[in-house]
Structure formats: structure tokens, C-alpha cells
Amino acid sequence: MAELHHECGIAAIYHLESPTPSPLATPHGPNQVSRLMPRMLLDLQNRGQLAAGFTTYNPERDKILDTHKQIGTVIEAFRLNHQAKAESVMREYAGRAAIGHVRYATCGSNDRSHAQPFQRYHGRKWKWFSIAFNGQLANFAELRDHLLTREEYHLTRNVDTEVISHYLSYELRHDDRPDLFEVFRNLSEKFDGAYNLVFLNAMGEMVVLRDPKGFRPLCYAIDGPLFAAASESVALANLGFQNIKDLEPGSMILIRDNTIRIDRFARRKGFSHCFFEWIYFANVASTIDGRSVYLSRAALGRELAVQEHKLGRVTLDDDTIVVPVPDTGKAAADAMAYELGVPSVEGLMRNRYVGRTFIEGVNRADRVRMKYTPLREVLAGKRVLLIEDTIVRSTTLKSLLHHIRERGGAKEIHVRVACPPIVAPCFYGIDMSTIQELFAPRFMRGDQPTIAEQEAMAKELGADSLFYLPLEAVARCIGLPESQLCRACLTGLYPTEAGSRLHQLALIQRSGATNNGRTYELRAAATGCGEP
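**Q** It is not clear to me how the overall build of the chain should be interpreted in this structure. Could you clarify?
**A** In terms of regular secondary structure, the chain is built from 18 helices and 23 strands. By the compact-globule yardstick of 24 Å for 532 residues, the chain fits well, its C-alpha radius of gyration being 24 Å. Counting all 532 residues of the chain, 60% fall into the buried class. Residue pairs in contact within the chain that sit at least 24 positions apart in sequence constitute 71% of those at least 6 positions apart. A total accessible area of about 20,600 Å² is found for the chain, and carbon and sulfur atoms account for 48% of it. Positive and negative side-chain charges in the chain, numbering 64 and 62 respectively, have mean positions lying 2 Å apart.

Here you go:
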């Protein structure tokens, strides 16, 4: 749903020294392979629309590392709709290697200083680096407070990436050029949570790593001397790479001295792939950890059809239609409609030309009106099975249902959710950090919603009925064992220690024992935690 957002996407590209350039490189040659980065970030735009940027490496210029970043979409940040200005940016920042980032913030301000990558200048080239980050550290408060109270650091931004940058700088403090595998191995013992990183220094060394639990997706590909990595496979496939591989959790890619090394940097801690990647966040054209996003969403739709037959509460006749909430509900809606033998139609049109920046500050009802147009010609007098990927806070959905009924003229609206109820916060990179903001816990008394509780939810939303996907269906539809998925927001069972502690704090917040606020930003003292 439009009310749920993700913490960012990352990408990296590097053309190694070679007598034969990769055919996938641009016609401008290996020294300007950085020109491919905006194209990669466009394919990751679904992961963040607030800011975009890249850092490039070019040893022939005074600024060996140089960073361009701006608020806005990739097109806005790189001026892609203005050919001369885009070309100027590409020439100024041309390099043989680059790391890139698209941002949606779960914390921090929406200004340029919070856009990534973050660059740290230093006179010694291997201490001069830039990093971009995807995820969220569950023990952020402890790490931050350790820096502020024990090491006398100063933070200019209250965000994970700056804290990571300081811890990384500390690991690089010695006089000898370090083993970067050892550097990030040491950091892995301090960090708890989701952290995919891309790193580039002024020696031309690049690091791409995935945290030991594998919360967020990360893949890579190699074509001769050309290396690339990205949060999603679609960004690599659209460059022409054929053999795209998922980076194993706890593994790291190091490009150093014109060679590529792939190895573990952290001990195994069990996989915890975020199930939301398949249900909502990822580009439908991507494949994550060997599982197609599209096929997973289609399986969710077939599962909804099975449950609909069991319920038998909605008349399936010529007046019944299936309507997806665009865009992430479409694959599930089409599959469900096929199984039920009723048409799947686009009764809601999404205005793709209204940018996120433009609608910030607009009230919820007007925001929905601007983004979605109910088609009265399709909806009037119909019994609508509305397929939603998930319900988090419900405010957007409630307004949308009102518009479908009043503007669209639907006679009945039955909401079917291709996800179980969200009952607990996420501390690993999704912007829902308190129980109070969630919809389902206001109604549920047990682990799963009863028919009566779902009827109460439907009444609150203004729907004729509501039904959630059962919990056990998630792993089945994705095709991975439950033990390899993070489903903490569905179960309240967290795969890391810091996540479990934050959940206990969130429960205390809900009871009114503490002030409200983003749980993961509260001081470590409140969680009873020690040093990181």
C-alpha cells in the first residue's frame, strides 16, 4: 500500500583494467562506466523516491572520489529530463567505478545532507571512503550512545549511515592499510539488524556486503572485466547481464588490485529473508534468493481464491469483479480472478505522474484523490473484490474505499488482503516502528484474527467484508521454509536480540508507560542494554 515505505536501495558498478572492454559498458569506454549508474538506480526507484545519488572513482582527477546527490527521484537528481544538464553531470563525475543509492527515510530529515552516499574525506587514500546503506540497525540507539558518551564523537545526523561511517572510520584508524574483510568482520560483531552496504575508497577498492541474516536482497553479476551489484536483479538484467547471482548472507565482495574476491566476512546466523520483499517492496520483474517476485505474488492470489471458496460469503456472478489496488496488488488479483472464474479489471487508475515530493504535506483524503481515480464505468453497480497487498495503518485504504463507493458507484466492496495482519513493528528497515500506529492490533486478541474481528475491521474501514491471508500461507507462496523468513511483524518473534528487546519496549510504549516515539531511536538505557 502507498502508506508503507522501505529504507532504500543500493547499487555498485566497476570496470576492471582490461585490454578488452566489456560489451555491456557504455560507448564512452571503461573510464566512464559510471554513466550506467543512473540507469541502474531507475530500476531501483521502487525502493526509494526521496533522494538519489552516486559516488564515482577516478584517480586522474583531484577529487579521486566525488559525490553527486540530490533530493528527488532519479530523473530529478541526475537531470535526466534535460539532456545537456544530464550530460554535464555524467562528464563531471565520470569514473571507472561507482556506488549509488536511492532513499526513502524511516528516520532523519528529508534534506540533501541526508541523501546518500555518505563520503568521508581523509588525506590517506585508503581512509578516504564513501558508503551507501540499505537496511536498519536494530541496535542503533546503543551504537549511537556508545559513540556519544564513550568515544566523544559528534553526530550531525541521527541516522544509521552516519553511525556506521564513524564505526568504520574507527576500524581504519591505524597506520597500516587494513584487511577489509577483517574490518567488516569486526563491525559484524557490533551490528544487529539489516545492513547491506556498498563501499568505495580512494584507492579504488570496492566492497559489497550482505548482513549475516540476509534480511534485504542483494545480487551481483560479472561480465568479463565488468562487475555490478544491486539490491534487485532487474537492475542487472536490464544492463544485459546474464548470470546474475544472489550474494549469500554474511558474504562480501572485495575488488582490490584489479581482482574480485568473494568470501564470508561474518559467521552464519541463520537466514531471515524479509517476506515483504516478495509481497510488496521488490520490483515484480526481480528474482530474490532464487524466488520470482511475480510468481510469488501470483501464488498469493491463488491462495486467496482457495480461501474465498472456503468462506463462500461473496456471490460470484456476472456482477462480481476483482480489482487490484495498483500496482503491487495486480499479480495476486489476476491469479485470484482466474481461479474464481471472474474478471480481473483495472477499476482504479493510479496517477504515476504525481511525485512523492509534490504530495508531501497534503492531507490523506486529498492525497488518495490525487493518486487514484476510480473508474465509474467499471465499478458502478458491481460487487468488488478489492485486492490489497497489505494493511498497515489503514488510513489510506479507508479513504480509498470511500472513493470507490462514492465516486465509483460500487454496490459492495469486499477487501481481500494478500498478507496476514501486521501486528508488530519492524526494526529492520520498514517505516513502522510502534504498535500504536498499526491497524490490526486494535481489534485482535489472539495470534490470528477471528471472523468476528475481521468483521469489526471491515466495519471500521467501510467495507462489506474483509479477509486476510492465513499466516502459514506466506512461506508456502514464496517457496521458502518459515525458518528462513523474517515474519516478525506478523508474529512478534524477532530473529535478533536487539529486535526482541525493541519489541518489548514497543509493548511498554503501547501500554502508555513511556512517551511515544520511534522505538528504535529511544535510548539504550530504556531497553536495559549494555554496550554494543
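**Q** Looking at this structure, how should I read the pattern of salt bridges?
**A** Note on pairing: side chains with opposite charge can pair once their charged atoms come close. Enumeration according to the criterion identifies 28 salt bridges in this entry. Notably, a salt bridge pairs R216 with E277, separated by 3.2 Å at the nearest N-O pair. Of this pair, R216 sits in the loop between β8 (206-209) and β9 (219-223) while E277 is found in helix α8 (residues 276-281), placing the two residues 61 residues apart along the sequence. R383 is the salt-bridge partner of D317, the closest N and O atoms lying 2.9 Å from each other. Of this pair, D317 sits in the loop between α9 (293-311) and β17 (320-324) while R383 sits in strand β20 (residues 383-388), placing them 66 residues apart in sequence. In this structure D317 comes out as partly exposed when scored by relative accessible area, which is 32%. Connected through shared salt-bridge partners, R47, R216, E232 and E277 make up one network.

**Q** How do you make sense of the sheet that holds strand β12 (residues 251-256) when you look at a structure like this?
**A** As a general point, the strands of a sheet are linked pairwise by backbone hydrogen bonds and lie either parallel or antiparallel. Reading across from one edge, β5-β6-β7-β8-β12-β13 is the order of the 6 strands in this open sheet, with antiparallel pairing throughout. Since the sheet does not close on itself, it has two edges, and those belong to β5 (118-120) and β13 (259-264), each with one partner. For this sheet, the mean angle separating the axes of adjacent strands, direction not counted, is 20°. Pairing analysis gives 9 bridges linking strand β6 (residues 129-137) to strand β7 (residues 193-201), with the strands arranged antiparallel. Across the sheet, Q136 pairs through a bridge with A194, a residue of β7.

**Q** Just to check I follow, could you spell out the environment of L36 for this structure?
**A** Relative to the helices and strands, L36 is located in the loop between β1 (9-15) and α1 (37-42). For L36, a relative accessible area of 4% corresponds to the buried category. Here the alpha-carbon distance between L36 and M90, two residues 54 residues apart in the chain, equals 9.6 Å. Sequence-distant contacts of L36, defined by excluding residues within four places in its chain, comprise I13, L24, A25, T26 and L239.

**Q** I would appreciate a short explanation of the side chain of Q45 in the present structure.
**A** Assignment of secondary structure puts Q45 in the loop between α1 and β2 (51-57). For Q45, a relative accessible area of 15% corresponds to the buried category. A distance of 2.8 Å separates the side chain of Q45 from the backbone nitrogen of V74, its partner in a polar contact. Apart from the residues within four sequence positions on either side, Q45 is in contact with T73, V74, I75 and V102.

**Q** Please clarify how a nonpolar patch on the surface should be interpreted in this entry.
**A** Taken together, the side chains of L42, I75 and L80 define a hydrophobic patch exposed on the protein surface, amounting to about 220 Å² of accessible area. Residue position: I75 is located in helix α2 (residues 74-77). Of the residues examined, I75 reaches a relative accessible area of 38% and is grouped as partly exposed.

What counts, and where the lines are drawn
Residues numbered from 1 in each chain as written. Predicted model: local features only at pLDDT ≥ 70, side-chain atom pairs only at ≥ 80, totals over all residues. Heavy atoms only, no water. Helix = DSSP H or I, 4+ residues; strand = E, 2+ residues; numbered from the N terminus. Rg over C-alpha atoms; globule rule 2.2 N^0.38 Å. Buried < 20%, exposed > 50% of the residue type's maximum accessible area, 1.4 Å probe, protein only. Contact = heavy atoms within 4.5 Å. Areas by Shrake-Rupley, 256 points an atom, 1.4 Å probe, with all protein chains shown as cover. Lys, Arg positive; Asp, Glu negative; His and termini not counted. Charge placed at Lys NZ, Arg CZ, Asp CG, Glu CD. Salt bridge = Lys/Arg side-chain N within 4 Å of Asp/Glu carboxyl O. Pairing = 2+ DSSP bridges. Axes fitted to C-alpha atoms, helices over the stretch in contact; angles between N-to-C directions. Polar contact = N/O pair within 3.5 Å; in protein donor to acceptor, adjacent residues only side chain to side chain. Patch = residues over 30% accessible without salt bridge, like charges linked within 9 Å, V, L, I, M, F, W, Y side chains within 5 Å.

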